[in-house]
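Understanding the architecture of this molecule
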Amino acid sequence: MPNLVEENLYLGDLNDAMGLKSSNEANIKFVFSIGIFPTLGKISSLTYRHIEVADLPSEDLLSHFDSAYEFIRESQSEGAILVHCYHGVSRSATIVIAYLMKRDDLGVQTAFDRVKSARDVISPNEGFMHQLALYQRMRMTLDLNFTPYKLYKLKRLSQIVKDVRLVPSSYGELIKADPGLTSNRPNPNVYKCKKCRRVLFTLNNIFAHNRGVKFTWKCQEDGVPPSDSELCKEKIFIEPLVWMKDVKTCPSGKLTCPRCNFKLGSYSWIDYCICNCRTKIFPFFYITPSKIDFDIVVKNVQVTV
Ligand SMILES: [Zn+2]
Ligand SMILES: [Zn+2]
């Protein structure tokens with residue numbers, strides 16, 4: 001039997017889902033499945049939703065949190081829903097924890113305890129626990145402008161590029177608009193090519209890192225930079241931008257100015273870069289500071305610093 005987490009919300013395993021009848025005691029009308037199994041024995045009177053995610057710490061469940069929330073919330077208002085994976089221990093528990101966090105504005109631990117009191121066997125894998133923590137830091141709304149989430153998505157994408165050798169179009173939103181086009185210039189703090197003055201990127205596109213501090217999207221106890229650590233300026237790491245002509249089709253290469261071809265730096269989806277300060281960055285898109293100039297562009301007036 002699945003476990004009742006709260007009114008109209010059940011958490012269980014594959015057997016619970018397969019054992020459902022069209023009219024069941026619990027009045028379950030909706031089924032949310034997480035797994036790489038085919039959903040067998042579907043009943044036409046029930047509404048199913050399935051996402052394909054394996055129970056591995058490296059798998060991306062976080063990107064589904066917001067849409068799972070919508071589905072569960074809508075279902076719950078119309079009848080009971082069963083959320084399940086293979087064992088009802090890691091993936092489905094993670095989805096239910098994320099759901100409660102968002103709906104009731106709870107921290108990971110409080111939501112975890114609530115689900116655990118209903119189903120004692122739950123144990124989200126380590127990777128999913130980090131994803132829940134990141135969700136909490138985003139205040140339970142996926143936000144591609146939030147730097148750790150950007151980094152999280154880029155790392156996922158780098159795994160795909162490693163396998164298929166190109167950026168699939170579904171990940172196009174991670175390759176950011178060209179700030180060199182006036183219409184796309186939301187931030188007045190820009191960096192320009194030293195040679196031809198073309199705008200290349202803005203302050204918003206930078207992944208700042210501190211000297212010698214581990215660079216990661218994960219929140220860790222020791223993630224707070226030591227007080228003597230300073231912002232590193234040896235290399236400027238930025239997010240991928242549409243003017244970087246080979247990044248969608250080539251796993252690694254040089255970055256050159258799109259106007260004058262001046263060599264600016266390099267990038268790789270498959271290797272990490274060790275900055276001069278010894279911090280490891282992966283994947284990386286870096287610009288050598290001596291190849292660019294900082295400028296503040298205020299409407300039509302340009303102030304060169
Ligand atoms: Zn140039
Ligand atoms: Zn550095």
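Source: prediction; values computed, not measured. (Residues numbered from 1 in each chain as written. Chains lettered and ligands numbered in written order. Predicted model: local features only at pLDDT ≥ 70, side-chain atom pairs only at ≥ 80, totals over all residues.)

**Section: unusual backbone geometry**
Cis geometry marks the peptide bond from F282 to P283; its omega dihedral reads -20°. Following the sequence through the fold, P283 ends up in the loop between β12 (280–281) and β13 (284–287). With phi around 70°, N261 is a residue other than glycine that occupies positive phi space. Looking at where N261 falls in the secondary structure, it is placed in the loop between β9 (252–256) and β10 (263–268). Accessibility expressed as a C-beta count within 10 Å gives 11 for N261, which makes it exposed. If you check the backbone angles, R278 has positive phi at about 80° while not being a glycine. Assignment of secondary structure puts R278 in the loop between β11 (273–274) and β12. (Helix = DSSP H or I, 4+ residues; strand = E, 2+ residues; numbered from the N terminus. Buried ≥ 20, exposed ≤ 12 C-beta atoms within 10 Å, placed from the backbone.)

**Side note on the domain arrangement of the chain**
With domains assigned, the chain is organised as domain 1 (3–138) and domain 2 (148–296). Each of domain 1 and domain 2 has a C-alpha centre, and these two points are 35 Å apart. Residue-level contacts link seven residues of domain 1 with seven residues of domain 2. Residues that form the side of domain 1 that touches domain 2 fall into these classes: four nonpolar, one polar and two charged. (Domains from an automatic or database assignment. Contact = placed C-beta atoms within 7 Å. Nonpolar A, V, L, I, M, F, W, Y, C, P; charged D, E, K, R; others polar.)

**Notes on helix α3 (residues 91–104)**
The end-to-end C-alpha separation of α3 is 20 Å, in line with the 20 Å expected for 14 residues at 1.5 Å each. By the criterion of burial, α3 is predominantly enclosed, with 12 of the 14 residues buried. The set of residues buried in α3 consists of R91, S92, A93, T94, I95, V96, I97, A98, Y99, L100, M101 and K102. (Expected span 1.5 Å × (residues − 1).)

**A closer look at the UniProt feature "domain: Tyrosine specific protein phosphatases" (unreviewed entry) in the chain**
UniProt's feature table lists "domain: Tyrosine specific protein phosphatases" (unreviewed entry) at residues 59–119, given in the numbering used throughout. Across residues 59–119, helical content stands at 64% and strand content at 8%; the span's end C-alpha atoms are separated by 23 Å. (UniProt positions renumbered as here; feature names shortened; annotations may be inferred.)

**Some remarks on the nonpolar core**
By size, the foremost hydrophobic cluster in this structure holds 41 residues, and its most contacted members are I81, V83, V96, I97, A98, V115 and Y135. Listed by contribution, the elements that provide at least two residues to this core are β2 (9–12), β3 (28–34), α2 (65–78), β5 (80–84), α3, α4 (108–118), α5 (126–137) and α6 (147–164). With eight residues, the top contributor of residues to this core is α3. When residues of this core are assigned to domains, at least three fall in each of domain 1 (3–138) and domain 2 (148–296). Residues within four places of Y135 in sequence aside, it is in contact with L62, F65, A98, M101 and M140. Counting residues in hydrophobic clusters, the runner-up holds 22 residues, among them Y191, I238, L241 and C257. (Core = buried A, V, L, I, M, F, W, Y, C linked by C-beta atoms within 7 Å.)

**Points about the sheet that holds β9**
In spatial order, the strands read β8-β13-β10-β9; together these four strands make up an open sheet with antiparallel pairing. Each edge of the sheet is formed by a strand with only one pairing partner; in this case those strands are β8 (236–237) and β9. Note that β10 and β13 share four bridges and pair antiparallel. In the strand pairing of β13, Y267 is matched with F285. (Pairing = 2+ DSSP bridges.)

**Looking at the pairing of β3**
Moving residue by residue along a regular strand, the side chains alternate between the two faces of the sheet. Counting buried positions along β3 yields seven of seven residues, so the element is predominantly enclosed. Across five bridges, β3 lies against β5 in parallel orientation. Looking at the pairing, V31 lines up with L82 of β5. Taken together, the five bridges between β3 and strand β4 (residues 47–51) define a ladder with parallel strand orientation. Pairing of F30 across the sheet is with T47, part of β4.

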